[in-house]
Each structure stands twice: as structure tokens, then as C-alpha cells.
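Observations on the three-dimensional arrangement
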Amino acid sequence: RPVNRGRRKPDRAAPPYFDPGAEAYQLSYLGLATEHPTLLVTTVTGDDPAIAAVVACNLAAVAADEARNTLVVDLESSCRASATLRARLEPGVTNIVAGNASWPDATVSARVGRDKSVDLVPCGTGSTVEAARLIELMRNDATRLARYYDAVFLVAAPALLVAGLSPALPSTDVIYCVQPGITPLKELKAQLNAIRDAGGTIRGLVVWSAERPLLPTPKELGRRGHKRERNRAAPPVPVGSA
């Protein structure tokens, strides 16, 4: 991390594992952006959803720093993107599929720097949504979303890509996150081939050689959200007021 990272209050308050200024994220973003100068749509996946979410959110922060209007869509049921950005869990994609929320209802702004932010559509909580329904949702709405954003990063499980997510999006680009010494090469080869067979385009691999991100669980995030709501609903009463 940059030497002056801890000198600024917004930087100190930023979520852990969040460092879009790192050279690895900058170069990864550059490799994607040169191929998509106007609209960048990329799906980030891998054998560990926490790593995939951290990579996607950091790339989104780089895009925001490059003056792109950026959206992160979390299609992973473990809600790792919300955990990375310390954002709320719902309403989210599951609510949109159920028909009790719209995309604007589910979208929340998350700070990714002193004067930068990205939009996030969390996965939402509740029952797991079938892959076919998620794919149908993105097929119907992804192009419309792309009209409002210059960069869209989706966090998805490999199984969703194998089920055919990529052809439903404006771009079939996929980044796969791996862990050296942990991700089996045979399994990696099988997953990449399956994603290609389902219509995905593997743009590259992100090799995560650091410790696995320890992100808050959905339960912990829910408790924090309830606490904030209570604080907003019952502000302290000034002394001497009626």
C-alpha cells in the first residue's frame, strides 16, 4: 500500500483489503479498459467468492477514479460485495427477481475514495434464486443498465457462468481468480473450459497470493445495519428541549 495511505481519515476509514491504487489493480484495469474504451462490462469469478468480490470492487474503484460511472452487481449468494464495501444487504437482486423491488430501489452508493463512489446492487438475503432466473433477469435488464453506466462489474459464482450467464450480458469477458497452492490446476482447467463452452470469454486470471480476505458475514453486516437504523430513528434529544 502507498506510504501515505494511513495519513488521511477517509483512507483509514476505508474497508480492509481495499486499495485500488495498488499496481496490480491498476494494470488489470488497464488491460480491460483498453479493449472497452466506452463501455466496460466484466464478470469476476473464482473458487473463493470473497477474493472475487474484493477484486471486482477494487477494479470498480479504479474505474470510478478514471471518471467512469460505475456499477457493481453482486450475484453471489454469500453477499461478499456488500461485505467488501461495507454496504447494506437488501433490497437486492433476490428482491428484484421476486418482484418486490426495482433496480433503483436496490441500488446503493458506496464510497471508494475521498471524492469517489460506485453504485452497488447487493445480492439480497432470503432464499437462493435459481440460476435460470438470474440469467433471465440479466438478459432482460443488463443492456438497459449499461445505458446509465460506463463500467459494470458483476460478481458471480463459476456455476452461474457455466449455466450461461455470459451470453446474457453486453460483454462476455470473464476474470477468474485463483489461489496458488490452493486452486487445483485440474479443476481450474475444467472450470475455464466449461465457462468457454457456455459462451464466456476468459480475459485473464488474477492470482491472489496474499492471505484470504476475512470479510464480515451477512449476519454481522445485518447487525451493523440495524444499529445504524436505530441510531437514525432515535437521535439524542438536546438538553433543554421541549
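Calculation criteria
Residues numbered from 1 in each chain as written. Predicted model: local features only at pLDDT ≥ 70, side-chain atom pairs only at ≥ 80, totals over all residues. Heavy atoms only, no water. Buried < 20%, exposed > 50% of the residue type's maximum accessible area, 1.4 Å probe, protein only. Helix = DSSP H or I, 4+ residues; strand = E, 2+ residues; numbered from the N terminus. Pairing = 2+ DSSP bridges. 1 Å grid on protein atoms, 1.4 Å probe; cavity = no way out; pocket = protein on both sides within 12 Å on 5 of 7 lines; lining within 4 Å. Points joined across faces, edges and corners; volume = space filled by probe spheres on them. Disulfide = S-S within 2.5 Å. Salt bridge = Lys/Arg side-chain N within 4 Å of Asp/Glu carboxyl O.

Summarising burial for strand E1 (residues 40-46): 7 of the 7 residues are buried, a large majority. Residues of E1 alternate between two faces, with Leu40, Thr42, Val44 and Gly46 on one and Val41, Thr43 and Thr45 on the opposite face, all of them buried. As paired elements, E1 and strand E6 (residues 173-178) share 4 bridges and run parallel to each other. In the sheet register, Gly46 faces E6, and the bridge partner there is Cys177.

Enumeration over the complete set of coordinates arrives at 1 cavity of 30 Å³ or more. Here the largest cavity defines a volume of roughly 50 Å³. Lining the largest cavity, in full, are Val41, Met138, Ala142, Leu145, Ala146, Val152, Leu154, Leu169 and Pro170. Put simply, the parts of the chain that give the lining of the largest cavity at least two residues each are helix H7 (131-146) and strand E5 (151-155).

Our focus in this paragraph is the state of the cysteines. All chains considered together, the criterion is met by 0 disulfides. Cys79 supplies the cysteine sulfur nearest to Cys123, a cysteine that is in no disulfide, at a spacing of 4.9 Å. Judged by relative accessible area, Cys123 falls into the buried class, the value being 7%.

A complete count under the given rule lists 4 salt bridges for this structure. Taking the shortest distance from any N to any O, the salt bridge between Asp48 and Arg212 comes out at 2.5 Å. Taken together, the positions of Asp48 in the loop between E1 and helix H3 (49-65) and Arg212 in the loop between strand E7 (201-207) and helix H10 (218-233) put the pair 164 residues apart, joining distant regions of the chain. We note a salt bridge from Arg144 to Asp141, for which the minimum N-O separation is 4.0 Å. Of this pair, Arg144 and Asp141 both sit in helix H7, 3 residues apart, which is roughly one turn of that helix. Arg144 gets classed as partly exposed once you look at its relative accessible area, which sits at 33%.

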